[in-house]
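# Breakdown of the fold
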Amino acid sequence: VALEGASFSECTADIDGGGMYVRKGGDVALESARFVECTSGSQAALYIDAVERLALTNSQFVDNIASQTPAALFFTSSVATSGSLLRNTTFFGNSAPGNITILAASPLTWDCPLGYWMPNVGQLFGDLSGCNRLCAEGHYGNASDHFTSDCSGPCWLGHFCPEGSVLPRKCPAGTHMPNRRAANVSDCFPCAPGQYQPESGQEECLPCAAGSFSPNVGSAACEACPKGGVCEDAGAASRLVWQPCPAGSFNPNRGSSSSAACELCPIGTASAAPGAEGSETCSPCDPGHFAATPGLSKCERCFAGSYQNDMGATGCRDCKKGSYCEPGASRPLPCEGGSYSDKTDLSAASQCTPAAPGHIAARGSTEQTACGAGSFARGTRNEVCELCVEGSYQGATGASECTDADPGHFATTGATQQTPCAKGSYAATAGLSKCERCEPGTTSGVGSSACSECAAGTYAANPGQGQCVPCPYPLGSERGAVICSFCQKDFYLLQSADPIEIFSSPTDYCKPCPPSAECSDNTALATIGVPAGYWRASPSSAVLTACRDFGGDRAGEARCAGNERGAKQASRRLEEAGSDEYCAPGFTGPECQLCAAENHYLVDGDECKECAPRGAAAGRIAGIVLGLCVACGLTVWAYSMTAWRKKTFIGPLLRFADRSVKYYVGGGMTAKVKILFGFYQISTVLSSTYSARLPDKYTGWTDKLANAISIDWSGFILPEQCLGYGERLVVSALSPVVLIALLMGTGIALRLHVWRTASPRPKLWAEAALGLLDLTPAGLVLIFCFVPSISASIFRSWSCQAYTISPPNEPLEQVSYMRQDASVECGTDKHESITGLAIGFIVLWPAGSLVLFTSLLIACSKPLRAKSPNALTKATAFLHREYEKTWYWWEAVELARKLVLTGFVLLIPEKNAFLRLVVATLVCSCYAVVLAVVRPYKRVEDDVLAVATSLALLLLFLGTNWTTIFLGIEERSGTDDADAVLGFGSLNGIVDTMIVLVVFALVFFLIGAVVAARRVAKIPKFRLVSTTQPPELSIVLGLTWHLFNSHIWSTGQDAVKVIKGELQQLLPGIKIFLDVDDLEDIGALEEYIRRSQVILFFLSKGYFRSKNCLREIRSSLEMDKPIVLVQEADPAKGGATLQALRDECPEDLQPDIFEKGWTHTIYMRVEEYQRVSLKTIVEAVLLCSPNYVNQSSLQLCVPGEPESQPLAFAKDTMLWASPANAGAQVLAEEIATTFAGLIVSTAEAPGPATHMLLYLNEDSFVSDERLAEQVKQARKDKLKIVMAHENDPDLGGCLFSKFFETTPQELIADGLYKSLARSCFPGRHHPVSLALLAKDLGATPARSGSVASVSRLSASIAEHGSRLFLKISRRSSATATTAGDGSGGEATVSVDSVEPGCLGGGGAGACLTSAAALTADATAEAPWP
C-alpha cells in the first residue's frame, strides 16, 4: 500500500484502526498522511499488523481516541526485523488508556537528528514531535537510526562527550584522558607538575625536557630554565633543579641544559658573583689592575715599575721617563722639582737624579734645562731661574749676572736686550727703564730725543701719539692742531658750534654739499656756492632747485645766474645771497621764472617780452574756433555724401574712413580708447598734482603731451603770465560749457527746422527734447574728454610748489607758490580769492559732471535692466554701451576715480603732498582688485586691459612714492643713505625700473587680452559678422518673450523643443515661450501672444486643423505680430510640401500667412544644416528687437561652422566627374570654383584622379548604364568615392531609399552605401553642403590665400541664397505661385509695397524683413530626407 497526502478526519471504527487498518500485507508507505479526531472501538487510529515493512513520513496524528492502547499507531511486522521507518511524524492530543500513543511490536526505526535516539519497539507515551531522547553522557551519536541511549558508542580516549553529543570533543591542552566514556571537560585529567601537553585530545602528558620545568598542574608548556644557570635533569617540576654558573662566567640564555652554556668573562674583566645572567656583570678591571686570561673572578695588581691608567686592561705599561711607579699604580708619579729621570723602571722618588748648578729641572722632567736669556740661577736642585731686574738685561743662557741698559734705550724686568724708545716717546739719558711721551699736537719717531708738530689736515689730541691722525671725515685742520674744527671740501658747516661738539659729531655738523652745489674748505651753509642754472629759496636752505628751461635751450642757466663771483679768476669767492640774488638781471621770483618788468612774459625760458593787447588775442582765438567749426561741418557733410566714395581724389579717403569706422566698431575700440585715455589722463599729472620730481627724460614728453590736449583756452588769448590765473580759470571752465551748449542748441535748432515743415506737427517740447538727445552723445564725449583736464585745472588752484627755506635736520619750513602762476604765493589773500573761485567751478565741473553721469544712468536703469532701450538709453549709450547690464553704472565710478586721482587729492595741503601719493596708491589698489572681481565690461579683453592699466597706474604711483622718498632722504641725509634704504643709487634707476615694470605689465596683460578674446571667439554662439561679438538682445517694454513657439503636439513638439534648446545655447538670454514650459492657462493663449515679440509658426501636418493653433494664428495676425515660418519637410516626421501645408490652411488665413513675405526656413536635423535654419530664425527675431529695428539685415555666424571656414586643398587633389554621371560635372566644378586647389577631370576614365564624385539623383544608374561599371572598376581600383545625395527636386532630388531600387544589387551587396552620402540642399543650406563635400575630399583650413577662399565661399552663399530670396514686386494685388519657372522651382512671393522695418500695432510692432532677408528654403515639392 502506498498513499501520499491521505487525510483521515473524524473516522470511526468499531474495532481496531479508527482511520486505517492494514493486516498481512506487503510494504506499507504513507507520505504526508493526516489522522485527525479518528475514533477506534479497540486500538489505534492506524493499525498495521503483520505487514513486511512500514514507512511513515511527514505525517500527523492529532486528537485521535482509542478504547484500548495505543491511541495513534499499532505496528507489527511479519517478516522483517528492520527496515521499517518513522520520519518527521508528530503525535499531539491523542487519547487512550495509560496515555500510550504508539505500540510497536516489531522494530520501527525513527529517523532522528544526530545526537538523538528513540526506542524502536515497545510503548511510547504522550505527545511526540519527533525524537526527543538525547544520547547518554559519555556516548555520542553520529547517525540518525539510534534506538538505544548508547547511540554510536562510548566516547574516545582523550575526548569527552556531554549528553546529546554528535561527535566526541577533545580534552583541552594541558590535560589528558586515558579512559573512554568521559562525559564532561572536568573529567579530563590535568597534567602533573613536571609534565605538559601542548595539544588537545591526547591520552597522556609529556615530561618536560632537560633545560625546562613545569611547576604547575595542567601545564600546556614547560617553562625555560632561567638565565644565569642550567637545568640538567628532564621532567623537573620545580626551578630548584637550577644550578648557577660559577663566578667569572654568565649565561644570558633561558632553557640551558648543560654547564657548557655558561660563558666565561672576557680578558680585561672579572666577575665575583655566581649565577650571572649577562656580560654586564663582567666588570672591567680598575686602573692599576689587569686580567690577562678569561673567566677570572678578580683582577691582578700591576707590578712595581709599571702602571695601567685604563679600565679593562689585559696587561700593564712600563713607567714613563721623568716619573716613578709604585705597585698597583694607576698613573706615573712625576719626579720632584729640581730632579729628573730618563729611565722607565723607577719605583720610588729617591731614584730621580738632582739638577746640576746653573740648570733647573721642573717637576717630572726627563732632563735638566739651562736658564734662558734674561735670567740666571745659583746652586743645585733649582726648580726655577731668576729674572734680570729693571734697567738690566742678559742675552746669553746660563749667566749668573745681568748687564745694564745703554742710554737712549730702556730695559724692563727680565729683558734679553735693550729696547729703543717707541714712536711718540723719547729718552734723554742712558740706563732708564722707560721713555717720556710727546706733548699733544706733536709726535716723534723711534729713538728720537725731541718731538715735531703735526701737519695740516692731521691732529694729535693726546700726549704720546706715535703719529698724527688724519681728521675724521669730513673735517679739516691747521698745522700743529690738537683738534679738527671746520668742514673739508665738498661739505658745508650746517651751523656754528663749539669745536669739541663739531669734532665729536662731525656728520651732525658737516653735511654733504647739496647736489649741484659748490663747497670748498671751511664752507658754511650760508656760503654754499649755487652754480648757474640753479636757485634756492633762502640762504638757510640746503635745497637747490634746478631752474626749468620752459621750452628754451639751457634757458634755466641763463635766468638763474647763481652766486659764483669771479669764476674765471684763480681764486673764486663765494658770498651769501638772498633768493633773488641768484637770478640774472631782469628776472625774479621762484626759479627766476618771472619777468621783473611789468606786463611782460617769459619766452623760450630766457627772454622777457611785452604782453600783447587782449582784444587782438581774443579776435585771433575767435577766428580759430570759427575755422575749426567750419572744418568739422565740412568734414561731416563730405562723409555723408555716399556718391563721393567713387570719386578719384576724395573717394579713397572716404572709403578709408568707412573701413576705419568698421574696424573701430568691430573691435570694440571705444572701451579700449576710454580705458587708455583715462590711463593717460591720470599718468600725466604725476608732476603737477603729486609734486613728483622726476627726471626730464620722463617728464619732458609727458608734460608736452599733457599741454597739447589741456583745455586752457586762455593760452590762445594771452600767455599765462599776461593773464592772471583766476581769469584763465574762468575761461578754461566756461568755454567748454558754452561749446556744449552751442552743440545742444544746434541739435534743437535742426529738429525745429524740420518741425516747421512737418505735417502734422508733433509737440514742440517733444521735438526739442529729441533735438537735445540727437547731439547728447557728442556732448557726453566732450564732457568725458574735458572733465578730467578741466577738473585738474580747477583743483590746481590748490597746487603749490613748495620750496624749503629751513636748514636740514630742523622742522621743515617751506614757502609755496602756485604752480600755474608763480607770482601768487600760496596762503595769501590773492591765493584765497583764486581758491574761492575754484570752489564754485568744482560744483560746475567735477561734482556737476559726476551728478550728470549718475543721473543719466539712473534714468536709464529700468529700460537697461529690462533690455528695452529707448531714446534716452540710445543717446547715452556712450556711458553704458561697453559695460554689462549689471554694471551699466560703472562709467560714473570710473569718472569718480579719475576725478579723485587728478583733482580731489589736491585738496590735501602741499605740506602733506606725500599723503596724496598714499591716497592715490590705495585708490589704485582697491580699484584694480574690484575690477578683477566684478569684470564690468562686455568684452573680456576690455576687462583685461582695464586691470592692466590699473596695475600700471599702481606701479607708477609706487614708483613715484619711491622717488619722493629717495629725494627726501637725499635732501635731508645724503645719497648714500637713500641707497642704503631703497637700494637705488640714483633717481634714474627708480624711474627706469618703474617704466620697465609698467611696460611689462601692459604687454603681459595685452597678450592675455588677445588670448582671452581668441578663446571667447571660439565658443559656439551666434555672433555678428560685423563685430564678431554676440548680438545684444532687447525686447519691447511690456513684453516677456522674444519668441513664441506655435506648433501642434502630434508632429511639432519634439522639433520646437530642440529649437528652443539650441537657441538658448547659441543665443544666451533669449526668452522663448514653449507650452510645456510656460503654459499655465490654456484660456490665456491670446495673452501669451500679446506678451511675445515674434511668433514662430511651425508648419507640419495637422497644424492648421488644431483649434488652439488657429487661435494662436488669428491672435498673431490681429495683433500685427511679426511671424517666422518654419516648415517641417520630412514626411516621416509629419512634414509636407509648402503647397500641401497651404492647402490645409483656412482660405481666409492663407494670404496673411503665405503672401506677406514672412521669413521662412526649413527645419533640419543635421547640426550643420540646422544652424543655418536657426540663424534665419534669430535674424528675424533680432531685426524686430529695439536695438536692430532700423536695420534691414544682420549677418550672423557661429564659430566653427563649415560655411565660414576658409578651406583649401593643400595636396594635389583631382576629382573625377564621370560623363556617365549626369550632374556630377556641374557639382564638381562648383566645388573647384569655391575652394582653391581642386582639379576636376571629366574624362571617360579616372586616370590619375585621387577621388571619384558619385552624384546621386533620380536618374543615377538609370540614364546611363556605364556608371555602374565605372563605379565597380573604381571600387576595384581602390579609388575613393565621395557620394553626393541631391535633395533639390528641380535637380532630380529624391528620397535615398529610391537608390536601393535603381542601384545594381551587386554594388549594394558589395557595400557601396556603407559610407554615408553627403546631402546637397538648395538655398542657404547649399554652401554647407559644398563645405562638407570639400572636407570629404581632403580640404583643410587654408593657411594662405584664405581671403580668396572666404570670398569665393561668400560668393557661393550669395549666389545660392539669391536663388531662394523672395522676389518682391510692387503690384496692386498679392499673388503666390509655387510652380517651377525655370529658376530652380523656388517659391515666388509678391506683396504690396512691403518696406523693411517694424510697423507698430498696439505697441508690439510687426516686423517685415527686407527682400535680402526673406528666404524660402523649401520648394513646392521638396522631398527632404
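Look above for the structure.
To keep things clear, this report deals only with the structure shown in the data block. (Residues numbered from 1 in each chain as written. Predicted model: local features only at pLDDT ≥ 70, side-chain atom pairs only at ≥ 80, totals over all residues. Heavy atoms only, no water.)

### Quick notes on the overall build of the chain
Counting its secondary structure elements, the chain contains 35 helices and 88 strands. By residue count, 46% of the 1425 residues in the chain fall in the buried class. When contacts within the chain are restricted to residue pairs at least 6 apart in sequence, long-range pairs at least 24 apart make up 61% of them. In the structure as shown, the chain presents an accessible area of about 66600 Å², 56% of it carried by carbon and sulfur atoms. (Helix = DSSP H or I, 4+ residues; strand = E, 2+ residues; numbered from the N terminus. Buried < 20%, exposed > 50% of the residue type's maximum accessible area, 1.4 Å probe, protein only. Contact = heavy atoms within 4.5 Å. Areas by Shrake-Rupley, 256 points an atom, 1.4 Å probe, with all protein chains shown as cover.)

### Quick word on a nonpolar patch on the surface
A cluster of nonpolar side chains, namely Y639, V661, Y664, V665 and V673, defines an oily patch on the protein surface of about 410 Å² accessible area. Residue placement: V661 occurs in helix α5 (residues 650–666). Classification of V661 by relative accessible area gives partly exposed; the value is 42%. (Patch = residues over 30% accessible without salt bridge, like charges linked within 9 Å, V, L, I, M, F, W, Y side chains within 5 Å. Salt bridge = Lys/Arg side-chain N within 4 Å of Asp/Glu carboxyl O.)

### Brief notes about the packing of aromatic side chains
Per the counting criterion, the structure on display carries 36 aromatic pairs. Judged by centre distance (5.9 Å) and plane angle (40°), the rings of F677 and F784 are tilted. With F677 in helix α6 (residues 669–683) and F784 in helix α12 (residues 776–795), the pair connects residues that are 107 residues apart, well separated along the chain. Looking at F784, the relative accessible area reads 6%, which means it is buried. Linked through ring pairs, F8, F35, F61, F91 and W110 together constitute an aromatic cluster. In this structure, R133 packs its charged tip against the face of W117, placed 5.5 Å from the ring centre. Stacked on the ring of F784, the Lys or Arg K674 has its end atom at 5.7 Å from the ring centre. (Phe/Tyr/Trp six-rings, centres within 6.5 Å; stacked < 30°, edge-to-face > 60°. Lys NZ or Arg CZ within 6 Å of the ring centre and 35° of its normal.)

### A few points about the pairing of strand β4 (residues 20–23)
Only one face of β4 is buried: it carries M20 and V22, and the other face, with Y21 and R23, is open. Sheet topology note: the β4/strand β8 (residues 46–51) ladder contains four bridges and is parallel. Residue pairing across strands places V22 opposite I48, the latter belonging to β8. (Pairing = 2+ DSSP bridges.)

### Details of the sheet that holds β8
Read from one edge to the other, the open sheet built from five strands follows the order β4-β8-β12-β15-β18, with strand pairing classed as mixed. A strand with exactly one partner marks an edge of an open sheet, and here the two such strands are β4 and β18 (122–125). Direction aside, the axes of adjacent strands within the sheet are offset by 10° on average. With three bridges joining them, strand β12 (residues 73–77) and strand β15 (residues 100–104) adopt parallel strand pairing. For F74, the partnering residue across the bridge sits in β15 and is L103. (Axes fitted to C-alpha atoms, helices over the stretch in contact; angles between N-to-C directions.)

### Here we look at the nonpolar core
For soluble globular proteins, nonpolar side chains are generally found buried alongside one another. Among the nonpolar cores identified, the biggest contains 35 residues, and I794, W845 and L879 are the most heavily contacted of them. Every element with two or more residues in this core is listed here: α10 (725–757), α12, α13 (829–844), α14 (846–859), α17 (877–880) and α18 (890–902). No other element matches α12, which puts eight residues into this core. Here W845 is in contact with A733, P736, V737, I740, F786, V787, I790, S791, I794 and L850, once residues within four sequence places are set aside. Within the second largest apolar cluster, 31 residues are counted, among which are L1043, A1055, F1098 and I1177. (Core = buried A, V, L, I, M, F, W, Y, C linked by side-chain atoms within 4.5 Å.)

### Comments concerning the pattern of salt bridges
Applying the stated criterion across every chain, the model contains 36 salt bridges. Taking the shortest distance from any N to any O, the salt bridge between K672 and E941 comes out at 3.6 Å. With K672 in helix α6 and E941 in helix α20 (residues 940–972), the pair connects residues that are 269 residues apart, well separated along the chain. Neither K672 nor E941 differs from the other in exposure class; each is buried. The shortest N-O distance in the salt bridge between E1144 and R1105 comes to 3.1 Å. With E1144 in helix α27 (residues 1138–1144) and R1105 in the loop between β75 (1092–1099) and α26 (1107–1118), the pair connects residues that are 39 residues apart, well separated along the chain.

### Digging into the state of the cysteines
A covalent bond between the sulfur atoms of two cysteines is what we call a disulfide. Taken as a whole and judged by the stated rule, the model has 26 disulfides. Disulfide partner of C155: C161, at an S-S distance of 2.1 Å. Here the disulfide of C155 and C161 is right-handed, its torsion about the S-S bond being about 80°. A relative accessible area of 0% means that C155 is categorised as buried. Paired through a disulfide, C265 and C282 show a sulfur-sulfur distance of 1.9 Å. (Disulfide = S-S within 2.5 Å.)

### Examining empty space enclosed by the protein
According to the stated counting rule, one finds four cavities of 30 Å³ or more in the structure shown. Of the volumes computed, that of the largest cavity is approximately 120 Å³. Along the wall of the largest cavity there are 15 residues; nearest its centre are K674, I675, E894, R897 and Y937. Residue contributions to the lining of the largest cavity peak at four residues, all from α18. (1 Å grid on protein atoms, 1.4 Å probe; cavity = no way out; pocket = protein on both sides within 12 Å on 5 of 7 lines; lining within 4 Å. Points joined across faces, edges and corners; volume = space filled by probe spheres on them.)

Any functional reading would require information beyond the geometric quantities listed.
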